[in-house]
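A closer look at the structure
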There are 2 protein chains.
Amino acid sequence: MTTRSREDVVQAAGRLFALRGFHGTSMRDLGDELGLLGSSLYSHVESKEQLLVEVIQRGAVLFQSLADEVSAGGGAPEKKVADLVRGHAAIITSHQDMSATFLNEARFLPDRERRAIVDMRDRYESTVRGLISEAIGNGPFRDQDPALATIMALSVLNALTRWFRADGRQSAEEIAEAMVEFIIEGLK
Amino acid sequence: MTTRSREDVVQAAGRLFALRGFHGTSMRDLGDELGLLGSSLYSHVESKEQLLVEVIQRGAVLFQSLADEVSAGGGAPEKKVADLVRGHAAIITSHQDMSATFLNEARFLPDRERRAIVDMRDRYESTVRGLISEAIGNGPFRDQDPALATIMALSVLNALTRWFRADGRQSAEEIAEAMVEFIIEGLK
DNA sequence: CCTACCGATCGGTAGG
DNA sequence: CCTACCGATCGGTAGG
């Protein structure tokens, strides 16, 4: 067992925060996970809150990047929505702990950081709503409230944090395709 | 300010557990909410865990009753799915705290109670899967994996615990109808 | 329902 | 990364 890096600590924190929640995880729990004492963690990080901040900010950045990518990418509105669904599913299935912590524990962030994360989440949602609105205006999707349509689509995707298992019956890609179909047919 | 009943304590516990989580809520917080000391709560309840058990069991019962009701009720498979969607949405929008606690905090239940709740949740999901399978077999829904279809439908509904506001732009009924359409079109 | 309290655990620090 | 520790807070109890 070699020495642990700050990166290892952040990873393990993501895992435990996702599993037991921020308030259900003590620094001693986190130490156990890494094979050292709770107090020893403080040579790697400043505070427990800072760990939460770091895990969640990394999650937020992933979704932000996806939104930028899909917005800049080409194709018809319907295709952009499909691309976003695939990308969103891929983020969660390959960073499940970070995503779960981002979605469930952000309310426990210190005020300033919480506001910043809520802003990022709002911006992401706005981008998705923009894509869906285009597809409503251009025809493929039926006339409906874009805000509600967006929430419903993201609900399907975000629930992946709760039930996806990498060793499950279906691969992440198969699941993503089923979600593309469900969401797009659901909006037509 | 009159004296508090056990019922008041359970209600307030549901509210705080939904808002800040089980581990993020102290008995002193709960006392504050009710205008008394944390230690005074113990004349109403045996333990903090027992409060969690009570809130969550009440939630589980609501969904169980809905499943029984819809199963016994008549109509084509597609109509039953629509009824279930409406009923599930109604439970969450009219018992949001209980539902959120049921869905998010059950992992913190003592072992025995947690297993019982997981069983109830599994039975509920089985019932829904049965209805969806019927609608796949009978034609209205396209051929697809019923388990995944069920998870996706319930994901849309359960996310209501996260965003629904009684004073929002749309009524609970309007939202429920939009979900009926989204889910049923998504499965066709 | 409060007063007065308990042992356990929490996040965190000093010093090595 | 550990030893040794700190004050604060936790769930909970005895007695009134």
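Residues numbered from 1 in each chain as written. Chains lettered and ligands numbered in written order. Predicted model: local features only at pLDDT ≥ 70, side-chain atom pairs only at ≥ 80, totals over all residues. Heavy atoms only, no water.

**Let's talk about the protein's contact with DNA strand D**
Quick reminder of the rule: Here a residue is near a molecule or strand as soon as one of its heavy atoms is found within 4 Å of it. In the scheme used here, Gly and all other residues not listed as nonpolar or charged are polar, with Ala, Val, Leu, Ile, Met, Phe, Trp, Tyr, Cys and Pro taken as nonpolar and Asp, Glu, Lys and Arg as charged.
The immediate surroundings of DNA strand D are formed by 16 residues, with S40(A), H44(A), M27(B), Y42(B) and K48(B) found nearest. Near-protein atoms of DNA strand D (within 4 Å) split between backbone and bases, with sugar and phosphate holding 54%. The class makeup of the residues in the surface near DNA strand D is four nonpolar, nine polar and three charged.

**Some remarks on empty space enclosed by the protein**
Put simply, the test is: Put simply, the grid is 1 Å and covers the protein atoms alone, a cavity is a trapped set of points that fit a 1.4 Å probe, a pocket is an open set with protein on both sides within 12 Å along at least five of seven lines, and lining residues have an atom within 4 Å of a point. Grid points are joined across faces, edges and corners, and a volume is the space filled by probe spheres set on the points. Runs of H or I in DSSP of at least four residues are treated as helices and runs of E of at least two as strands, each being numbered from the N terminus.
The full count for this structure, using the stated rule, is three cavities of 30 Å³ or more. Forming the walls of the largest cavity are 16 residues, and the residues nearest its centre are G21(A), F108(A), G21(B), E105(B) and F108(B). The residue inventory of the lining of the largest cavity, partitioned by class, reads four nonpolar, six polar and six charged. Here the second largest cavity defines a volume of roughly 60 Å³. Every residue lining the second largest cavity is listed: V81(B), L84(B), V85(B), V128(B), L131(B), I132(B), A153(B), L154(B), L157(B) and I183(B). Secondary-structure elements contributing two or more residues to the lining of the second largest cavity are α4 (77-94), α6 (111-137) and α7 (146-158) of chain B.

**Re the protein's contact with DNA strand C**
Spelled out, the test is: Under the rule applied, a polar contact is a pair of N or O atoms within 3.5 Å (in protein, one hydrogen donor and one hydrogen acceptor; residues adjacent in sequence only if both atoms are side-chain atoms).
Every one of the 16 residues lining DNA strand C counts as a neighbour, but M27(A), Y42(A), K48(A), S40(B) and H44(B) are closest to it. Taken together, the sugar and phosphate atoms account for 52% of what DNA strand C places within 4 Å of the protein. In this structure, R28(A) approaches DNA strand C through a side-chain N or O atom, which is 2.9 Å from a base nitrogen. Tallied by class, the residues present in the surface near DNA strand C amount to four nonpolar, nine polar and three charged.

**Observations concerning the side chain of H88(B)**
Residues and elements named next belong to chain B. The line we're drawing: The classification of residues rests on relative accessible area computed with a 1.4 Å probe and restricted to protein chains. Under 20% of the type maximum is buried, over 50% is exposed, and intermediate values are partly exposed. The criterion used for residue contact is that any of the two residues' heavy atoms lie within 4.5 Å.
With respect to the helices and strands, H88 occurs in helix α4. Classification of H88 as buried rests on a relative accessible area of 2%. Apart from residues lying up to four places away in sequence, H88 is in contact with F63, L66, Y124, L154, L157 and N158.

**Structural notes on a positive patch on the surface**
Definition in use: Patches here are clusters of residues that have more than 30% relative accessible area and form no salt bridge, with a 9 Å joining cutoff for like charges and a 5 Å cutoff for nonpolar side chains (Val, Leu, Ile, Met, Phe, Trp, Tyr). Calculation of accessible area relied on Shrake-Rupley with a 1.4 Å probe; when residues are assessed, cover is drawn exclusively from the protein chains displayed. Definition used for salt bridges: Asp or Glu carboxyl oxygen within 4 Å of a side-chain nitrogen of Lys or Arg. Two residue types count as positive, namely Lys and Arg, and two as negative, namely Asp and Glu; His and chain ends fall outside the count. A charged residue contributes its charge at one atom only: NZ of Lys, CZ of Arg, CG of Asp or CD of Glu.
Positive charge collects at one region of the surface, where R107(A), R162(A), R107(B) and R162(B) lie side by side. Take R162(A): it is sitting in helix α8 (residues 160-163). Its relative accessible area of 39% is what places R162(A) among the partly exposed residues.

**Describing the relation of the copies chain A and chain B**
Quick reminder of the rule: A residue counts toward the fit only if its pLDDT is at least 70 in both copies, and the copies are then superposed by least squares on the C-alpha atoms of those residues.
Between chain A and chain B, which share one sequence, the superposing operator has a rotation angle of 180° and an axial displacement of 0.0 Å; the RMSD is 0.0 Å. As the rotation angle and translation indicate, the two copies are arranged about a two-fold axis. It is G186(A) whose C-alpha, among those of chain A, lies nearest the rotation axis, at 1.9 Å. Looking at the interface residues of chain A, 100% of them are also at the interface in chain B, so both copies use one shared face.

**Here we look at the layout of surface pockets**
Residues and elements named next belong to chain B. What the second largest pocket holds in volume is close to 160 Å³. Around the second largest pocket sit E7, V10, Q11, G14, R15, V55, R58, H95, D97 and M98, which together line it. Secondary-structure elements contributing two or more residues to the lining of the second largest pocket are α1 (6-20), α3 (48-72) and α5 (96-104). With five residues, α1 is the single largest residue contributor to the lining of the second largest pocket. In terms of residue class, the lining of the second largest pocket is built from three nonpolar, three polar and four charged.

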